[in-house]
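Read off the chains here:
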Amino acid sequence: MTRESSASPLIFGGDAQSPRAALPVLPPLALYIHIPWCVRKCPYCDFNSHTASPVLPEEEYVDALLADLDQDLHAVYGRELSSIFFGGGTPSLFSADSLGRLLKGVEQRIPFASDIEITLEANPGTFEQDKFVAYRKLGINRLSIGIQSFQQEKLQALGRIHNGDEAVRAAGMARQAGFDNFNLDLMHGLPNQSLDDALADLRTAIALKPTHLSWYQLTLEPNTVFWNQPPTLPEDDTLWDIQEAGQALLAEHGYAQYEVSAYALPGRPARHNLNYWSFGDFIGIGAGAHGKLSHPDGRIIRTWKTRLPKDYLNPAKSFQAGEKALGNDEMPFEFLMNALRLTEGVESRLYPERTGMTLESLAEGRREAEQSGLLQVEPSRLVATERGQLFLNDLLQKFLT
């Protein structure tokens, strides 16, 4: 899985369900499809991914995905899909035939927008030219390639199955297959990484001319090998130098930062991820997938699916593991934990449009955040200051009840 699709929403408690205004217009609708298998589990990865067996249950899993989608259709009748994202795991382990049958089944159930963005996550170790030509013919029009580093020592430390040359070839193969829109996923702050190492990775990535770069710092997450056996990571001063120099290098080459770890050429931000960050709607299907759906009466429901593939494929078990209606007391935090990740924030009017609540419900937290220098004093927008971006958790605390 690449970091690009790690936008799984957090689930918070709270039961305040006093009436909210009806939503005049429902937000854009996206679909996230989780394919949970990888060739090998990476030691830093806390996503819902599982080591693949020699033969994947592709046919059975596609059947389950479509049956899962059928159970969500009642909540999205009359709407169309603006984007689809295949995340994982490693979705490129699946054949073009399987993904084609899945996409055909989805479109039979929910209309596609005429300019729909369809992204597939792929790892260089699974690239085959003919396979990616076939993916492109299916209508998949964007790739997100999990590179992480081009340096062999760093790739070995991260447990990756590809080498630097394969990573470079993967980008070339993507272009040859007809993909003129692709993301490269790259980490920094790697074990024993220097500033020169990090910038060398970035320069190599930029030379491959991706339209989008996800560039983010390695963090040690619970329930991972790295959490239990921490590697030696760079000192804080080095991490700060990498961040500053890397951002300057990306800007020099025309990659504008539009989210905490996302950089894009003009007109090429990831539409699917922008929908996440602007509190749009998304159906989540597949093992462990999360979803968020708005209803015209003002209800906003988060859902999450059965996590283990064997349970997800078991006809005796339910696809859905749980759901939660967001309460009024949670709404400011839920909205802003997404919107304030965007470097330009969002227009203030989006808050009442997407939540059914008044801007007044943000007033106290907004005032405190502005006085603390974490939120810009900008009535028409909700946007973090540069300091607020650096201390985003502190900023969001102002909106917790």
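Computed from a prediction, not measured in an experiment: that's the story for all the values here.

Looking at unusual backbone geometry
At step 1: With an omega of 15 degrees, the peptide bond running from glycine 88 to glycine 89 counts as cis.
At step 2: Tracing the backbone shows glycine 89 in the loop between strand 4 (81–88) and helix 2 (96–109).
At step 3: Within the chain, asparagine 223 stands out as a residue other than glycine whose phi angle is a positive 65 degrees.
At step 4: In this fold, asparagine 223 is placed in the loop between strand 8 (212–217) and helix 7 (225–228).

Overview of helix 1 (residues 58–72)
At step 1: Along its 15 residues, helix 1 runs 21 Å from first to last C-alpha, staying within 8% of the 21 Å computed at 1.5 Å per residue.
At step 2: Residues of helix 1 that are buried include every one of Glu58, Tyr61, Val62, Ala64, Leu65, Leu66, Asp68, Leu69 and Asp72, and no others.

A closer look at the pattern of salt bridges
At step 1: The final tally for this structure, using the stated rule, is 17 salt bridges.
At step 2: Here lysine 154 and aspartate 197 are joined by a salt bridge, their closest N and O atoms 3.5 Å apart. Of the two residues, lysine 154 sits in helix 4 (residues 152–158) while aspartate 197 sits in helix 6 (residues 195–207), which places them 43 residues apart along the sequence.
At step 3: Look at lysine 154 and you get buried, because its relative accessible area is 3%.
At step 4: Looking at aspartate 197, the relative accessible area reads 21%, which means it is partly exposed.
At step 5: For lysine 292, the salt bridge is made with aspartate 281, and the minimal N-O distance between the two is 3.1 Å.

Structural notes on a negative patch on the surface
At step 1: A contiguous patch of negative charge, built from Glu235, Asp236, Asp237, Asp241, Glu244 and Glu386, is present on the exposed surface.
At step 2: For glutamate 244, the location among the structural elements is in helix 8 (residues 236–252).
At step 3: For glutamate 244, a relative accessible area of 45% puts it in the partly exposed group.

What to know about the packing of helix 6 against helix 8
At step 1: In contact at an axis separation of 9 Å, helix 6 and helix 8 are set at 25 degrees when each is read in the N-to-C sense. As the angle between them shows, helix 6 and helix 8 are arranged roughly parallel. Judged by the twist between their axes, the crossing of helix 6 over helix 8 is right-handed. Two secondary-structure elements touch here, helix 6 through Leu195, Ala198, Leu199, Leu202, Arg203 and Ile206 and helix 8 through Thr238, Asp241, Ile242, Ala245, Gly246, Leu249 and Leu250.
At step 2: When grouped by side-chain class, the residues that make up the contact of helix 6 with helix 8 number nine nonpolar, two polar and two charged.

Quick word on the pairing of strand 1 (residues 29–35)
At step 1: Of all seven residues making up strand 1, seven are buried, and the element is well covered by its neighbours.
At step 2: Here strand 1 shows a buried face lined by Leu29, Leu31, Ile33 and Ile35 and a second buried face lined by Ala30, Tyr32 and His34.
At step 3: By the bridge criterion, six bridges tie strand 1 to strand 11 (residues 281–286) in an arrangement that is parallel. Along strand 11, the bridge assignment pairs alanine 30 with phenylalanine 282.
At step 4: When strand 1 meets strand 4, the two strands line up parallel, connected through seven bridges. Across the sheet, the residue bridging to alanine 30 is serine 83, located in strand 4.

Examining a nonpolar patch on the surface
At step 1: A contiguous nonpolar surface patch, about 320 Å² in accessible area, is contributed by Trp240, Leu390 and Phe391.
At step 2: Residue placement: tryptophan 240 occurs in helix 8.

So, the nonpolar core
At step 1: Within the largest apolar cluster, 67 residues are counted, with the highest numbers of intra-cluster contacts made by Ile84 and Phe86.
At step 2: Considering every element that reaches this core, the biggest residue donor is helix 1, with six residues.
At step 3: Setting aside its immediate chain neighbours within four residues, phenylalanine 86 contacts Ile33, Ile35, Pro91, Leu99, Leu102, Leu103, Ile118, Thr119, Leu120 and Glu121.

Details of the pairing of strand 13 (residues 300–305)
At step 1: Counting buried residues along strand 13, five of its six residues qualify, which places the element largely inside the surrounding structure.
At step 2: With five bridges joining them, strand 12 (residues 290–294) and strand 13 adopt antiparallel strand pairing. For glycine 291, the partnering residue across the bridge sits in strand 13 and is threonine 303.
At step 3: Where strand 12 folds back on strand 13, the antiparallel hairpin that results is connected by five residues, among which glycine 298 adopts a positive phi of roughly 105 degrees.

Considerations on the UniProt feature "domain: Radical SAM core" (unreviewed entry) in the protein chain
At step 1: In the numbering used here, UniProt assigns the feature "domain: Radical SAM core" (unreviewed entry) to residues 23–259.
At step 2: Helix makes up 39% of residues 23–259 and strand 23%, with an end-to-end C-alpha separation of 26 Å.

A word on the side chain of histidine 162
At step 1: Looking at where histidine 162 falls in the secondary structure, it is placed in the loop between helix 4 and helix 5 (164–176).
At step 2: Among the polar contacts made by the side chain of histidine 162, one reaches the main-chain carbonyl oxygen of isoleucine 147 at a distance of 3.1 Å.
At step 3: With near-sequence residues (within four places) excluded, histidine 162 lies in contact with Pro124, Gly125, Gly146, Ile147, Ser149, Leu155 and Ala167.

Examining the packing of helix 1 against helix 2
At step 1: Where helix 1 contacts helix 2, the two axes come as close as 10 Å, and the packing angle between them is 15 degrees. Comparing their axes, helix 2 and helix 1 come out roughly parallel. Considering the relative orientation of helix 1 and helix 2, their crossing is right-handed. Here Glu58, Glu59, Val62, Asp63, Leu65, Leu66, Leu69 and Asp70 of helix 1 come into contact with helix 2, specifically with Ser98, Arg101, Leu102, Gly105, Val106 and Arg109.
At step 2: Taken together, the residues of the contact of helix 1 with helix 2 break down into six nonpolar, two polar and six charged.

Cut-offs used in this document
Residues numbered from 1 in each chain as written. Predicted model: local features only at pLDDT ≥ 70, side-chain atom pairs only at ≥ 80, totals over all residues. Heavy atoms only, no water. Helix = DSSP H or I, 4+ residues; strand = E, 2+ residues; numbered from the N terminus. Expected span 1.5 Å × (residues − 1). Buried < 20%, exposed > 50% of the residue type's maximum accessible area, 1.4 Å probe, protein only. Salt bridge = Lys/Arg side-chain N within 4 Å of Asp/Glu carboxyl O. Patch = residues over 30% accessible without salt bridge, like charges linked within 9 Å, V, L, I, M, F, W, Y side chains within 5 Å. Areas by Shrake-Rupley, 256 points an atom, 1.4 Å probe, with all protein chains shown as cover. Lys, Arg positive; Asp, Glu negative; His and termini not counted. Charge placed at Lys NZ, Arg CZ, Asp CG, Glu CD. Axes fitted to C-alpha atoms, helices over the stretch in contact; angles between N-to-C directions. Parallel < 35°, antiparallel > 145°, perpendicular 65-115°, else oblique. Left-handed = near helix turned anticlockwise from the far one by under 90°. Contact = heavy atoms within 4.5 Å. Nonpolar A, V, L, I, M, F, W, Y, C, P; charged D, E, K, R; others polar. Pairing = 2+ DSSP bridges. Core = buried A, V, L, I, M, F, W, Y, C linked by side-chain atoms within 4.5 Å. UniProt positions renumbered as here; feature names shortened; annotations may be inferred. Polar contact = N/O pair within 3.5 Å; in protein donor to acceptor, adjacent residues only side chain to side chain.

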